[in-house]
Amino acid sequence: MHSLRSNVPPFIVMDVMAAAARIEARGGRVIHMEVGQPAASAPQTAIRAAKAALDIGDIGYTEALGIPALRARIARHYVETHGVAVAPERIVVTTGSSAGFILAFLSMFEPGDRVALANPGYPPYRHILTALGCEPVLIETSAATRWAMPVDALLDAHRRKPLKGVLVASPANPTGTMMRPEALAALIQAAEGEGIRFISDEIYHGLDYAFPAETAAKLSGNAVIINSFSKYFCMTGWRVGWMVVPEELVRPVERLQQNLAISVPTLSQIAAAAAFDGRDEMDGVKHGYEENRRILVQGLPKAGLGEFLPVDGAFYLYADVSHFTDDSFDFAKCMLEEAGVAATPGIDFDPMRGRHFIRFSYARSAADMREAVERIGAWLSKR
Ligand SMILES: Cc1ncc(COP(=O)(O)O)c(C=O)c1O
């Protein structure tokens, strides 16, 4: 028998990927817009650094909190990008942002603690919290607050039963929307004023098109920031990310990391430190996403999908398909089978309204985006 806490729901996007693979095995062509993963590879600077380290061959454990040179490089990134000084001692290198969530939740929350999340949102937030015995509290978002978590809804939930934490992402997944700096500042202030821990998932930073993304590190010394090399730096499989934690959490997080992981893969840490020198290359990849975004924002309405949330950042477009269906899972399945375009049904991200939405990921080529728009248009015109 497995434990109750391991009884987390599957990640539906994985099922879409499997269905797409079956079509491809039969010789069919699928345009992949389901996976939230860059098609480009890591910066050449990172790959070269990893190769050089392999030639030396000395790949042992590192300090639990990460290689000092990488922690210092990340600290410098905050000065360069956001104009804010963050002490390298407050930076913790993690095995992707995924491990950052586990360290953050374990270091701050007890079983039974309630943690607010924006709905729709990235499914593992609620599944990791549940596996750790915490209670995810979904806070609805809407166009009224530009799909950001409303301050009053957070405070209402806290009054009903006290919250211990709140987690938001900007740019967000699945919506691709961003919080205005004032909205982020107001939410942090409201949360911290009530003693609610603030966690900011900044994994899509660097991929902002509508306006520059603000880091919570600039707004509060007590917020926990979670970030990763997976998205902007195209290093998903390297499994390396980082956290910025308040001073009093450094030692608890270090103890947890020592016991849970010993350290983060050394080769990936070496590559990550060098990745910062590959920003020109990565900005080129970002410009590709901007072009993809333009193709979709202009093309999808002509193809029949005219309603979507603000396409501010990351590489996602969250489209309302309620005038076609009440069942986004079935809609995505038919679109895959009949039009050869794979997208993710909204129910993965929002148990309630998700049946009216699908998420497109635009992290591949512009040619794919143009073809997808054409295929969707032809398919919808026959529906
Ligand atoms: C919002 C968000 N946070 C975190 C992650 C986890 O990424 P990683 O563990 O590769 O850093 C993802 C991955 O898609 C994501 O979309």
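Structure: see above.
These notes cover the structure that comes with them. Remember, predicted model here, so these are calculated numbers, not experimental data. (Residues numbered from 1 in each chain as written. Predicted model: local features only at pLDDT ≥ 70, side-chain atom pairs only at ≥ 80, totals over all residues. Heavy atoms only, no water.)

## Regarding a negative patch on the surface
Stage number 1. Negative charge collects at one region of the surface, where D327, D330, E337 and E338 lie side by side.
Stage number 2. With respect to the helices and strands, the residue D327 is situated in the loop between strand 9 (316-320) and helix 12 (328-339).
Stage number 3. According to the relative accessible area criterion, D327 is partly exposed, its value standing at 38%. (Patch = residues over 30% accessible without salt bridge, like charges linked within 9 Å, V, L, I, M, F, W, Y side chains within 5 Å. Areas by Shrake-Rupley, 256 points an atom, 1.4 Å probe, with all protein chains shown as cover. Salt bridge = Lys/Arg side-chain N within 4 Å of Asp/Glu carboxyl O. Lys, Arg positive; Asp, Glu negative; His and termini not counted. Charge placed at Lys NZ, Arg CZ, Asp CG, Glu CD. Helix = DSSP H or I, 4+ residues; strand = E, 2+ residues; numbered from the N terminus. Buried < 20%, exposed > 50% of the residue type's maximum accessible area, 1.4 Å probe, protein only.)

## A closer look at the sheet that holds strand 2 (residues 91-94)
Stage number 1. Spatially, 2-8-7-6-5-3-4 is the arrangement adopted by the seven strands of the open sheet, whose pairing is mixed. Sheet topology places strand 2 and strand 4 (135-140) at the edges, where each strand pairs with a single neighbour. Geometrically, the sheet is characterised by an average inter-axis angle of 25° between neighbouring strands, direction not taken into account.
Stage number 2. Bridge count for strand 2 against strand 8 (residues 241-244) is four bridges, and the pairing is antiparallel. Residue pairing across strands places I91 opposite V244, the latter belonging to strand 8.
Stage number 3. Of the strands in this sheet, strand 2, strand 7 (224-228) and strand 8 touch helix 3 (residues 68-82), which is tilted by about 115° from strand 2. (Pairing = 2+ DSSP bridges. Axes fitted to C-alpha atoms, helices over the stretch in contact; angles between N-to-C directions. Contact = heavy atoms within 4.5 Å.)

## Some remarks on the packing of aromatic side chains
Stage number 1. Scanning all chains against the criterion turns up 17 aromatic pairs.
Stage number 2. Taken together, a centroid distance of 5.2 Å and an interplanar angle of 70° make the contact between F315 and Y316 edge-to-face. Summarising the burial analysis for this pair, F315 and Y316 share the class buried. (Phe/Tyr/Trp six-rings, centres within 6.5 Å; stacked < 30°, edge-to-face > 60°.)

## Some points on helix 9 (residues 247-260)
Stage number 1. Over its 14 residues, helix 9 extends 20 Å from the first C-alpha to the last, a length consistent with the 20 Å expected when each residue adds 1.5 Å.
Stage number 2. Where the residues of helix 9 are buried, they touch strand 2, helix 4 (96-108), strand 6 (197-201), strand 7 and strand 8. (Expected span 1.5 Å × (residues − 1).)

## As for the site of the ligand
Stage number 1. Close to the ligand lie 14 residues; S98, Y204, S228, S230 and K231 are nearest.
Stage number 2. Take K231: an N or O atom from its side chain is 2.7 Å from an oxygen atom of the ligand.
Stage number 3. R239 has a polar side-chain atom sitting 2.8 Å from an oxygen atom of the ligand.
Stage number 4. Contact with the protein chains hides 92% of the accessible area of the ligand, taken as 400 Å² for the molecule alone.
Stage number 5. Here the ligand is seated within the largest pocket.
Stage number 6. Broken down by element, the residue count for the shell around the ligand peaks at four residues, all from helix 4. (Near = heavy atom within 4 Å. Polar contact = N/O pair within 3.5 Å; in protein donor to acceptor, adjacent residues only side chain to side chain. 1 Å grid on protein atoms, 1.4 Å probe; cavity = no way out; pocket = protein on both sides within 12 Å on 5 of 7 lines; lining within 4 Å. Sits in = over half its atoms within 2 Å of the grid points.)

## Observations concerning the sheet that holds strand 9
Stage number 1. In space, the three strands of this open sheet follow the order 9-12-11, with antiparallel pairing throughout. Edge strands, defined here as strands with exactly one partner in the open sheet, are strand 9 and strand 11 (344-345).
Stage number 2. For strand 11 and strand 12 (residues 357-361), the ladder comprises two bridges, and the chain directions are antiparallel. Its bridge partner lying in strand 12, P345 is registered against I358.

## Here's the deal with empty space enclosed by the protein
Stage number 1. As enumerated under the stated definition, the model contains two cavities of 30 Å³ or more in all.
Stage number 2. Around the largest cavity, the lining is made up of 20 residues, and of these A118, P120, W147, A169 and A172 lie nearest the centre.
Stage number 3. When contributions to the lining of the largest cavity are tallied by element, the ones reaching two or more residues are strand 3 (114-119) and strand 5 (165-169).
Stage number 4. The greatest single-element share of the lining of the largest cavity, amounting to three residues, is contributed by strand 5.
Stage number 5. Classifying every residue of the lining of the largest cavity by side-chain character gives 14 nonpolar, five polar and one charged.
Stage number 6. In this structure, the second largest cavity spans a volume of roughly 30 Å³.
Stage number 7. Class assignment of the residues belonging to the lining of the second largest cavity gives a composition of five nonpolar, no polar and two charged. (Points joined across faces, edges and corners; volume = space filled by probe spheres on them. Nonpolar A, V, L, I, M, F, W, Y, C, P; charged D, E, K, R; others polar.)

## A word on helix 7 (residues 181-193)
Stage number 1. The terminal C-alpha atoms of helix 7, which comprises 13 residues, lie 18 Å apart, in line with the 18 Å expected from a rise of 1.5 Å per residue.
Stage number 2. Buried within helix 7 we find L184, L187, I188, A190 and A191. The buried side chains of helix 7 occupy one side of the element, clustering within an arc of 165° when seen end-on. Residues of helix 7 that are exposed and point over 90 degrees away from its buried face: E182, Q189 and G193.
Stage number 3. Buried positions along helix 7 lie against helix 6 (151-160), strand 5, strand 6 and helix 8 (216-219).
Stage number 4. Remark: G195 follows helix 7 within two positions and exhibits a positive phi of approximately 75°. (Arc of directions from axis to C-beta.)

The values are spatial; any link to function lies outside them.
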